[in-house]
Structure formats: C-alpha cells, structure tokens
Amino acid sequence: NAGVTQTPKFQVLKTGQSMTLQCAQDMNHEYMSWYRQDPGMGLRLIHYSVGAGITDQGEVPNGYNVSRSTTEDFPLRLLSAAPSQTSVYFCASSSGTGGTEAFFGQGTRLTVV
Amino acid sequence: DAKTTQPPSMDCAEGRAANLPCNHSTISGNEYVYWYRQIHSQGPQYIIHGLKNNETNEMASLIITEDRKSSTLILPHATLRDTAVYYCIVRVGGGNKLVFGAGTILRVKS
C-alpha cells in the first residue's frame, strides 16, 4: 500500500516554464487536495477535489490549474512559473467524511529561478 | 471552521510527557478536533482526532474539555523523534480542506 505518491521530489524551473506536479493515491479516496508551504509557514490550500470530475479553488489558487479525471490521480499544473511559486507542494487524500484523517505525500520541492 | 490558538513553541525532556495545548473557543457542536504533526520538511502526519470524548491511540492521547473550548494533546513518553511542529485543526468535515495555522514547535531534549 503506497498511500499518496508525489513526483517529482525536486524540480528547478525557469521563470515562464510550465510543468505538472503528479499526485496519485491507491486508497480509493474521494477527496484530494493540493497545499503549498512557504518557509516558516503552515500549509495553505491551493485546489481540492471531492471526486472525479469535480474540483474547486482553495485559499491560493492563482497560477495553478487542476483536473481530476480519475479517482486515483490529481495533477497540479503550473502554466507559467514565477519565482513566487517557489515552495514545497504537498498533496493529500482522505475519504472526506467527518472524523477521518488525511494522508499526505512526501512533497515536491519546487524552485523557480 | 473555528479558529485555533497554540503556543509557538514548547520544550520537553526526553522520556517525559509532552502536553500541547490548543484553544478553540468558537468551536461548534459538530466540529472535530484534529492533531497533525510535521517532522522537519516531511508531509504532515495524522496523530489523532476527537469530537467530544477523550481519545487515545498508539501515538497519543487527546483530552477535550467538557465545554469543548480547549484541548490537550499528550505524548506520554516523548522521544527525540517527536521533535516536530504540531498542528491543532478544528473542522466539521474529514481530512479535506484543512486550515493550518503556525502550530507549536515541540523540541524534545535529552
């Protein structure tokens, strides 16, 4: 049971480049989320999904796109990377109902130069 | 979701109990109290959650006051590996759309 898997673990981008951060879970969870964590701060919600085909914006969605075509996968796309998007990105999944825990991936450390 | 207040940092001697407080005075009746921790720069790890009653699992105990306005996470025998940032989160739903504050930095010292 792999849990939540994020790829890549590290990435360096040039300003203006695009890329996709991958997130996959094998627990058949309906709910998946993307967070970013800047140095010395707590995690902030970027986008989330409550099931295949359903996504919505979180606290800091600008500059990011998501889609959810399958239950297992929830990729995060940066269309035109900016230095302000330098951060550590975490993906999480949960069954979503009250009183349930979230499972987090190990993160993707992204640097935009 | 109700706002939570935690001390910014705490120290604990190795082998002693670590008691981490959290205030959530505006909590509503159907909101759960969740605790997560983040060791170094790893992904947050779920510890425990509760609604009204005290809870215990293999990692920790959660004590919720009768009025539910505050709670305490107890690590019964802290080890150096428990050094981490601990987040108290109050939420109606499950583990989705979590709102993380600054948390409490727990330093376990030998």
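Below: a short report on this structure.

1. Describing the overall build of chain A
Okay, so step 1: A count of helical and extended segments in chain A gives zero helices and 11 strands.
Okay, so step 2: Each helix and strand of chain A, ordered N terminal to C terminal, gives the series β-β-β-β-β-β-β-β-β-β-β.
Okay, so step 3: Against the compact-globule benchmark of 13 Å for 113 residues, chain A has a radius of gyration of 13 Å, which places it among compact chains.
Okay, so step 4: Over its C-alpha atoms, taken along the principal directions, chain A stretches across nearly 40 × 30 × 25 Å.

2. A closer look at the state of the cysteines
Residues and elements named next belong to chain B.
Okay, so step 1: Counted under the stated rule, the structure contains two disulfides over all chains.
Okay, so step 2: Through a disulfide, Cys22 is tied to Cys88; the S-S separation comes to 2.1 Å. Disulfide Cys22-Cys88: torsion about the S-S bond near -80°, hence left-handed. Pair noted here: Cys22 is in strand S2 (residues 18–23) and Cys88 is in strand S8 (residues 84–91), with a separation of 66 residues, a long-range link. Taken individually, Cys22 and Cys88 each receive the classification buried, so the pair is uniform in this respect.
Okay, so step 3: Free of any disulfide, Cys12 has its nearest cysteine sulfur in Cys22, 18 Å distant.
Okay, so step 4: Assessed through its relative accessible area of 9%, Cys12 is described here as buried.

3. Considerations on the side chain of Ser71(B)
Residue and element names in this part refer to chain B.
Okay, so step 1: Mapped onto the secondary structure, Ser71 falls in strand S7 (residues 70–75).
Okay, so step 2: With relative accessibility at 1%, the residue Ser71 sits in the buried group.
Okay, so step 3: Contact partners of Ser71, with chain neighbours within four places excluded, come to Leu20, Pro21, Cys22, His24, Val33, Trp35, Leu62, Ile63, Ile64 and Cys88.

4. Re the packing of aromatic side chains
Okay, so step 1: In the structure shown here, the tally under the stated rule is 10 aromatic pairs over all chains.
Okay, so step 2: With a centroid separation of 5.7 Å and an interplanar angle of 45°, the aromatic rings of Tyr35(A) and Phe104(A) are classed as tilted. With Tyr35(A) in strand S4 (residues 31–37) and Phe104(A) in strand S10 (residues 103–104), this residue pair connects regions lying 69 residues apart in the sequence.
Okay, so step 3: Taking relative accessible area as the criterion, Tyr35(A) reaches 0% and is therefore assigned buried.
Okay, so step 4: Judged by its relative accessible area of 9%, Phe104(A) falls in the buried class.
Okay, so step 5: Each residue in the set Tyr35(A), Phe104(A), Tyr32(B), Tyr34(B), Tyr36(B), Tyr46(B), Tyr87(B) and Phe100(B) is aromatic and connected to the rest through ring pairs, giving one cluster.
Okay, so step 6: Positioned above the aromatic ring of Phe74(A) is the side chain of Arg68(A), whose terminal nitrogen or guanidinium carbon lies 6.0 Å from the ring centre.

Cut-offs used in this document
Residues numbered from 1 in each chain as written. Chains lettered and ligands numbered in written order. Predicted model: local features only at pLDDT ≥ 70, side-chain atom pairs only at ≥ 80, totals over all residues. Heavy atoms only, no water. Helix = DSSP H or I, 4+ residues; strand = E, 2+ residues; numbered from the N terminus. Rg over C-alpha atoms; globule rule 2.2 N^0.38 Å. Disulfide = S-S within 2.5 Å. Buried < 20%, exposed > 50% of the residue type's maximum accessible area, 1.4 Å probe, protein only. Contact = heavy atoms within 4.5 Å. Phe/Tyr/Trp six-rings, centres within 6.5 Å; stacked < 30°, edge-to-face > 60°. Lys NZ or Arg CZ within 6 Å of the ring centre and 35° of its normal.

That is the geometry; function is a separate question.
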